[in-house]
Every structure is written in structure tokens, then in C-alpha cells.
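# Secondary and tertiary structure notes
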Amino acid sequence: MNLDTAADLDRAPHGSSDDPDLLDFSANTNPEVPEGVEAVYREAFADARSYPAEPPAAFREAAAGYVGCDPEAVIPAPGGLAAIRAAVALAVDPGDTALVPAPSFGEYAREVRLEGGEPAFVSAAEVLDADPSDHALAVVCTPNNPTGDAYDRAALERFAARCREADTLLLVDEAFLGFTDRPSLAGTEGVVVARSLTKLFGLPGIRTGFAVATGEVGAALSNARRPWNLSAPALATGAYCMRREEFIIETRERVRTERARMGEALAERYDVSPSDAPFLLVDVGATGRSAEAVVVTARERGVAVRDATTFRGLDSHVRVAVRRPAENDRLLAALGVGDAETADAAATDDTAEAAAADDTAEAAATDDTTTDPEGDDV
């Protein structure tokens, strides 16, 4: 990591609202947590009186079963972003370039820049057709954030093969793959998979995740990992959550059903991107209102939605999470769709509020995100 680069680099914007009066649809975390996880966390206090096991075998075994790989290939990390940082630091040297999708998670480009590299942006829809030659690293996010589309497994494998031929490390961010029944690329030669336990298990404050890599890359990541890099409670709760198969199945079904229902309702008024993720990307441009105005109006109606215009290449979009059915109904009402009477009233209010909301949007949007002048986002 370069001192001058780190000192000058802006933070990437993130979703999430800390306002207790708002129902938060701006962050893509599960509103449910596995039954019994709080007790596991509390019981881990006794283990926290001593250093965690090193290496953390129980966690690695649970992670291996969760994604279908060898436990020796699992590198525990305090969150998916820590796994991403480790992979980028291993692959990128000053002056290198990295193939980075856009629009996508803003931290990829930031991590590349922190190592003195330069992101080479390519459309997220076309990233698997890009030439990885001459790049130190290629990045894929599946399902992609914020568009929500997951890539075909065969196409991913073909791209991974081309990356191996080009001697380009492939980083696959599977932060949202657990919401689908698609298999992980974990254990594939020449690929580093990054997994987060934040999203699926609804525990963003317990920083738990892992990388999966094999061969020389796996050995290097394992050797570079700091000892005791996860706390005893994080290891215990992470291992417990990854074994909750019934919870995972129920979450996938709820998200699938509610996402379809929300998408159909939102499409009455907006352009909605198809999604395999626990969120929907919504283009509000056809309504004649700005994304910032929609964000402000939603806040006034008690709902936080994600201003997606700070993602590279998006200029009229918001992103909304998929939550519980009753909560999703509140979102639909806030955006003027769904129940006919509520939607008509909300639409009328929107017309009256549009001018005022546009005037105040920039200040309100700044409350929820920090704009990155490079246009990269989270």
C-alpha cells in the first residue's frame, strides 16, 4: 500500500441508514437472523478470554461445507472486503492494471488504487467477454451489485480458463451468491473467491467472511493472513450460521417470491432490472423525476432507499433491498406503486413534492452516502 495514494484516496460511498425512524432498504442485508445465533454469540464470551484457535479449523470446515471446497483452501477473513483486499494486494503492484466491472462494487477500484494500480473499467454486462491479457487481476461480482444479475456458470468457467492462460488472477466476489442456489466457483484453479457472511445471515456488525483459493495463490493468502484475524465470537457465529441449511433455504424462497412481487409492482411505474440478488435496481428516469428527488420523498415517507447514481455509469437509478412482505409493502407505497388507492395518493403527492424534493435532494442524499468523484460506489 502506497502512503501518498492512501492519503489522497477518497472513501467509497456505502448504503445503510442509521436513522431509527427509517425503514432501511438502502442496505442489502437480510432482516432475519438464524434462530439461536445470539446464544452462540453470548456463549463465545468464555472463549474470548483466550486467543482463538490457530488455524481456526472448525470455521474452515464449516466454510468448506457451505461452498463445497477443501477446508485447507479456506482463508478466514474479517468480512468479504478483507478477503478482497488480500487478493488485490497479492496480485496488483504499482503500475499494474486490473479489469474491473462497472457499474459494480466501488471498493474494487479503490483497493486497486491503494496498491498503486489503475482500474481498467469494462461494462459489467460484458466483463466475461473482456480480454484479461496484460492485466494483473480481473474482477467479477456475481450476482453483480447493483444490477443484480448472476453470471452463467459455464461462462464463468470459460473466463476463468482464459484468465489462467493469460496468467491473470481472477477474483470472484460471491457476497450475494448465498441468496441463490447457484454453485460457488470456490476451489477453481487460478480463482480467488471472496465470501461475506454479512448479507445472507443479517449480521453486518460481526465482521466474518473468508476467501477460497488453491495452489500457490492459496498458500500465499494463507501465509499472509494475520494470526487471530477473527475474534472467537465471530468464528463461533460464522460457523454456526453456515450450517443453518433450513434458514438458508427459507431465506432464498422468501427473497425469490418477494423480489418477483416487488419487481412486478415497481414495473407499473419504473424500469426495473432483472435480478438474482436480494435487491432491485430501479430506473426512475421515465417519471421525469431525479433519483435524488425519489430518495428524498421516500425518506419523508419513512423509508431509506439507495441513491444509485453514484455507481459508475448510472444517472437515474435507485436500488432497493428485498425485505419482509409487510415491510416491502411500505416501500412500494412510498414509491407510489402497489395498492391502487395508496399508489394513486402517493403519485399525486410525488407530483406536488417533486420540485421541492429536487431542490433539497443533494443535501439529503449526502446524509446517506459520501460521493466519490471517480463515480465508484457500493
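Residues numbered from 1 in each chain as written. Predicted model: local features only at pLDDT ≥ 70, side-chain atom pairs only at ≥ 80, totals over all residues. Heavy atoms only, no water.

## Describing the overall build of the chain
Put simply, the test is: Strands here are runs of E lasting at least two residues and helices are runs of H or I lasting at least four, both read from the DSSP assignment and numbered beginning at the N terminus. Accessible area is worked out with a 1.4 Å probe on protein chains only. A residue is then buried under 20% of its type maximum, exposed over 50%, and partly exposed in between. What makes two residues a contact is simply this: any of their non-hydrogen atoms within 4.5 Å. A 1.4 Å probe and the Shrake-Rupley method give the accessible areas. Residues count as covered only by the protein chains that appear here.
Regarding its fold elements, the chain presents 12 helices and 13 strands. Considering the chain as a whole, with its 378 residues, one finds that 55% of them fall into the buried category. Partitioning the contacts of the chain with sequence separation of at least 6, the portion at a separation of at least 24 is 72%. When the accessible surface of the chain is summed, it comes to about 16300 Å², and 48% of that surface belongs to carbon and sulfur atoms.

## What about the pairing of strand β4 (residues 118-123)?
Condition: Note: two strands are recorded as paired if DSSP finds a minimum of 2 bridges between them. Handedness of a crossover is defined as follows: orient the strands so they point away from the viewer, and if the path from the first strand over the helix to the second runs clockwise, the crossover is right-handed.
As paired strands, strand β3 (residues 97-102) and β4 are joined by 6 bridges and run parallel to one another. Its bridge partner lying in β4, proline 101 is registered against valine 122. One crossover worth recording links β3 to the parallel β4 by way of helix α5 (residues 107-114), and it is right-handed.

## Focus on the environment of phenylalanine 159
Mapped onto the elements of the fold, phenylalanine 159 is located in helix α6 (residues 153-165). It is 7.5 Å that separates the C-alpha atoms of phenylalanine 159 and aspartate 129, two residues lying 30 residues apart in sequence. Contacts of phenylalanine 159, omitting those with residues within four sequence positions, involve Leu99, Val127, Leu128, Ala130, Pro132, Ala138, Val140 and Leu170.

## Brief notes about the pairing of strand β7 (residues 191-196)
Across the 6 residues of β7, 6 count as buried, placing the element largely inside the fold. By the alternation rule, side chains of β7 split into Val191, Val193 and Arg195 and Val192, Ala194 and Ser196, which are all buried. In the sheet, strand β6 (residues 169-173) pairs with β7 via 4 bridges, with the strands oriented parallel. Across the sheet, the residue bridging to aspartate 173 is alanine 194, located in β7. Judged from the 4 bridges that link them, β7 and strand β8 (residues 209-212) form a sheet pairing that is antiparallel. Its bridge partner lying in β8, arginine 195 is registered against phenylalanine 210.

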